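Structure at a glance
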Amino acid sequence: MNTLYGEVQSNILAKAEKIKLLVCDVDGVFSDGRIYLGNDGEELKAFHTKDGFGIKALGASGVAVAIITGRNSIIVANRMKALQVAHIIQGQEDKLPALIELAQQLNIDLTEVAYIGDDIPDLSCIKTVGLGISVFDAHPLVLRGADYTTFTRGGFGAVREICDLIMQSQGNLDNATGASV
């Protein structure tokens, strides 16, 4: 089937139609993976407003959103709070137990979860959920292990692409509302 971003296999859209929770890695997914460090130890990251709109629109359509990241960052916490992401899990080197616990807390079956990542720490989550996603520029092992690979690179609208894919498969894309953040 044709989506806004390109041709997608019908089995991917069938999986996306069932999604109740989107879980995202941060570095390499919401950002391009680079971390800018200043002389005084300050850390900077760049986030794309397209991803911000997508997350807010997806949440408004009834799909829960979470992040699970290996690092701890005030910047990430602030960005996710601004996007109204309710589930912010940081400092998780082993992400799978956190993913399983979150799904249990929300009473969501793992087949109803989509996970998007870019590197080897994401691979177990990608292989466990109903729709495992890699960004276009992910590590080769992650590309091989994912059900779907975005047409867009991490940090440049890949999260928005997935939000649009889920909303399109669920018939909610034409109702997407919100503001770029």
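Here's a quick rundown of the structure.

Calculation criteria
- Residues numbered from 1 in each chain as written.
- Predicted model: local features only at pLDDT ≥ 70, side-chain atom pairs only at ≥ 80, totals over all residues.
- Heavy atoms only, no water.
- Helix = DSSP H or I, 4+ residues; strand = E, 2+ residues; numbered from the N terminus.
- Rg over C-alpha atoms; globule rule 2.2 N^0.38 Å.
- Buried < 20%, exposed > 50% of the residue type's maximum accessible area, 1.4 Å probe, protein only.
- Contact = heavy atoms within 4.5 Å.
- Areas by Shrake-Rupley, 256 points an atom, 1.4 Å probe, with all protein chains shown as cover.
- Pairing = 2+ DSSP bridges.
- Salt bridge = Lys/Arg side-chain N within 4 Å of Asp/Glu carboxyl O.
- Polar contact = N/O pair within 3.5 Å; in protein donor to acceptor, adjacent residues only side chain to side chain.
- Phe/Tyr/Trp six-rings, centres within 6.5 Å; stacked < 30°, edge-to-face > 60°.
- Lys NZ or Arg CZ within 6 Å of the ring centre and 35° of its normal.
- Axes fitted to C-alpha atoms, helices over the stretch in contact; angles between N-to-C directions.
- Parallel < 35°, antiparallel > 145°, perpendicular 65-115°, else oblique.
- Left-handed = near helix turned anticlockwise from the far one by under 90°.
- Nonpolar A, V, L, I, M, F, W, Y, C, P; charged D, E, K, R; others polar.

**Observations concerning the overall build of the protein chain**
- Along its length, the protein chain carries 7 helices and 8 strands.
- What you see for the protein chain is a C-alpha radius of gyration of 15 Å, in line with the 16 Å of a compact globule of 181 residues.
- Projected onto the principal axes, the alpha-carbon positions of the protein chain cover approximately 50 × 35 × 30 Å.
- The buried share of the protein chain, taken over its 181 residues, is 48%.
- For the protein chain, restricting intrachain contacts to residue pairs at least 6 apart in sequence, the fraction spanning at least 24 positions comes to 57%.
- Here the protein chain has roughly 8,500 Å² of accessible surface; of this, 49% comes from carbon and sulfur atoms.

**A few points about the sheet that holds strand β7 (residues 131-134)**
- Spatial ordering of the open sheet is given by β5-β4-β1-β6-β7-β8, a layout of 6 strands whose pairing is parallel. The open sheet has two edge strands with one neighbour each: β5 (87-89) and β8 (148-149).
- Bridge analysis of strand β6 (residues 113-117) against β7 gives 4 bridges, and the strand direction is parallel. Paired with isoleucine 116 across the two strands is isoleucine 133, which belongs to β7.

**Brief notes about the pattern of salt bridges**
- Applying the stated criterion across every chain yields a total of 10 salt bridges.
- With a closest N to O distance of 2.4 Å, aspartate 27 and lysine 45 form a salt bridge. One end of the pair, aspartate 27, is in the loop between β1 (21-24) and β2 (36-37); the other, lysine 45, is in the loop between β3 (43-44) and α2 (49-60), with 18 residues separating them in the sequence. In this pair, the class of aspartate 27 matches that of lysine 45, namely buried.
- Here lysine 45 makes a salt bridge to glutamate 43, at a shortest N to O gap of 3.7 Å. Accessibility classification places lysine 45 together with glutamate 43 in one group, the buried group.
- Connected through salt bridges with shared partners, the residues Asp27, Glu43, Lys45 and Arg71 form a single ionic network.

**Observations concerning the side chain of aspartate 25**
- By the secondary structure assignment, aspartate 25 is in the loop between β1 and β2.
- A polar contact of 2.9 Å, which involves the side chain of aspartate 25, links it to the side chain of lysine 95.
- Once residues lying within four places of it in the same chain are set aside, the contact partners of aspartate 25 are Phe30, Ile68, Thr69, Lys95, Tyr115, Ile116, Gly117, Asp118 and Asp122.

**Some thoughts on the packing of aromatic side chains**
- Here the structure, examined in full by the defined rule, presents 1 aromatic pair.
- With 6.5 Å between their ring centres and 70° between their planes, tyrosine 148 and phenylalanine 151 make a pair best called edge-to-face.
- Tyrosine 148 gets classed as buried once you look at its relative accessible area, which sits at 6%.
- Overall, phenylalanine 151 belongs to the partly exposed group, its relative accessible area being 41%.
- A cation over a ring is seen here: arginine 153 above phenylalanine 156, with NZ or CZ 4.1 Å from the ring centre.

**A word on the packing of α2 against helix α7 (residues 158-169)**
- At a closest axis distance of 7 Å, the pairing of α2 and α7 adopts a crossing angle of 30°. The pairing of α2 with α7 is recorded here as roughly parallel in orientation. In this structure, α2 crosses over α7, and the sense of that crossing is left-handed. Between α2 and α7, the contacting residues are Lys50, Asp51, Phe53, Gly54, Ile55, Ala57 and Leu58 on the first element and Ala158, Val159, Arg160, Cys163, Ile166 and Met167 on the second.
- Residue composition of the contact of α2 with α7, by class: 9 nonpolar, 1 polar and 3 charged.

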